[in-house]
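One-letter residues, chain by chain:
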Number of protein chains: 2
Amino acid sequence: MAQKSKYCEETETLARYAKALAHPARISIMQFLAKRNTCYFGDIHEELPIAKATVSQHLKELKEAGLIQGEIETPKVKYCINKKNWKKAQALFSDFFNKDFCDRECSC
Amino acid sequence: MAQKSKYCEETETLARYAKALAHPARISIMQFLAKRNTCYFGDIHEELPIAKATVSQHLKELKEAGLIQGEIETPKVKYCINKKNWKKAQALFSDFFNKDFCDRECSC
DNA sequence: AATAATGTTTGTATATTTACGAACAACAAA
DNA sequence: TTTGTTGTTCGTAAATATACAAACATTATT
């Protein structure tokens, strides 16, 4: 238990974003936010087949991963994509998938 | 419990791939496979700071998600990326991140 | 002050994930 | 046949994740 992180930072960050997106409800939320202008909690809840407490929980995870941010607009709460981190995630996934991998003998 | 999947198939598939990548060990494995020609279990295990049983478990998850495939080459086991599904995942993530999202009033 | 609207937090139950050692399986070599 | 090499599977423990109802917090309205 000497070291805290055993993987390189970029790998950890990418895994963190992947984890945030590892549930269809959270993918749906991001897709919804991407195409919507105003994005209140209620609108998001309406789109999803789950209880509001669960929606709130998923939003919290996305927020903690840095992919979205919220703002109180009494009595509602407005959510939107955190563009800076969205771009960061985009870049990390892009790098990850665009590594040109060996086409040679790895023929299993 | 009437419906089996409450989200659209593309969303489910994307979430499934994200989940497979939601751990730094599995990201590392994919990165390793991407750059290596021969890729035996032992080589992968050597790269990672975890027990072989755990490595085997992670490989199983990647295999079940369709991202890799294995082949016995007695007495070793050779793993490599499943190119078809890798491309599928690449396309799904690309579409997901390249949705041009609203730049207007969602200013939280 | 009571009521309504909008979300968050709490409590809780269940399922899944992560990790490891030990046991096991398959095969080659001595 | 015994031994060694390579991985997988099993058993198990601890941590996380997922889902919901109920309670709560906040602010506006009556």
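The present account deals with the structure reproduced in this document.

Rules behind the numbers
All residue numbers here refer to positions counted from 1 along the written sequence of the relevant chain. Each chain is given a letter, starting from A, and each ligand a number, starting from 1, according to the order in which they appear as written. Totals for whole chains, interfaces and linings use every residue, but because this is a predicted model, local features are given only for residues with pLDDT of at least 70 and side-chain atom pairs only at 80 or more, for both listing and counting. Each side-chain value is worked out from all heavy atoms of the structure, with water and hydrogens disregarded. Here a residue is considered near a molecule or strand provided that any single heavy atom belonging to it is located within 4 Å of it. The term polar contact refers here to a pair of N or O atoms within 3.5 Å; inside protein, the definition further demands a hydrogen-donor-capable atom paired with an acceptor-capable atom, and it admits residues adjacent in sequence only when both atoms are side-chain atoms. A run of DSSP states H or I qualifies as a helix once it reaches four residues; a run of E qualifies as a strand once it reaches two. Both are numbered from the N-terminal end. When residues are sorted by character, Ala, Val, Leu, Ile, Met, Phe, Trp, Tyr, Cys and Pro go into the nonpolar class, Asp, Glu, Lys and Arg into the charged class, and all the rest, Gly among them, into the polar class. Three labels apply to residues, based on accessible area from a 1.4 Å probe with only protein chains included: buried if under 20% of the type maximum, exposed if over 50%, partly exposed otherwise in between. Salt bridge, as used here: a side-chain nitrogen of Lys or Arg that lies within 4 Å of a carboxyl oxygen of Asp or Glu. Superposing the copies works by least squares over the C-alpha atoms of residues that have pLDDT at least 70 in both of them. Pairs of residues are marked as contacts when any of their non-hydrogen atoms sit within 4.5 Å.

1. Let's talk about the protein's contact with DNA strand C
- As a structural note, the neighbourhood of DNA strand C is formed by 21 residues, with Ser56(A), Tyr79(A), Lys19(B), Arg26(B) and His58(B) the closest of them.
- Across the atoms of DNA strand C situated within 4 Å of the protein, the share located in sugar and phosphate is 70%.
- His23(B) is positioned such that a nitrogen or oxygen atom in its side chain is 3.4 Å from a phosphate oxygen of DNA strand C.
- Looking at the surface near DNA strand C, the element that brings in the most residues is helix H4 (residues 52–64) of chain B, giving 5 residues.
- Partitioning the surface near DNA strand C into residue classes produces 9 nonpolar, 7 polar and 5 charged.

2. Some points on the environment of Glu64(A)
Residue and element names in this part refer to chain A.
- Relative to the helices and strands, Glu 64 is located in helix H4 (residues 52–64).
- Judged by its relative accessible area of 54%, Glu 64 falls in the exposed class.
- Residues Glu 64 and Ala 20, spaced 44 residues apart in sequence, show a C-alpha to C-alpha distance of 8.8 Å.

3. Notes on the pattern of salt bridges
Residues and elements named next belong to chain B.
- Counted under the stated rule, the structure contains 4 salt bridges over all chains.
- The partner of Glu 61 in a salt bridge is Arg 26, and the shortest N-O contact between them spans 3.1 Å. Residue Glu 61 is located in helix H4, and its partner Arg 26 is located in helix H2 (residues 24–35); the two are separated by 35 residues in the primary sequence.
- For Glu 61, a relative accessible area of 32% corresponds to the partly exposed category.
- Classification of Arg 26 by relative accessible area gives buried; the value is 7%.

4. Section: the relation of the copies chain B and chain A
- Rotating chain B by 180° about the axis while translating it 0.0 Å along that axis superimposes it on chain A, leaving an RMSD of 0.0 Å. One copy is carried onto the other by what is essentially a two-fold rotation axis. The position closest to the rotation axis in chain B is occupied by the C-alpha of Ala18(B), lying 2.4 Å away.
- By residue overlap, the copies meet face to face through one surface: 100% of the interface positions of chain B are interface positions in chain A.

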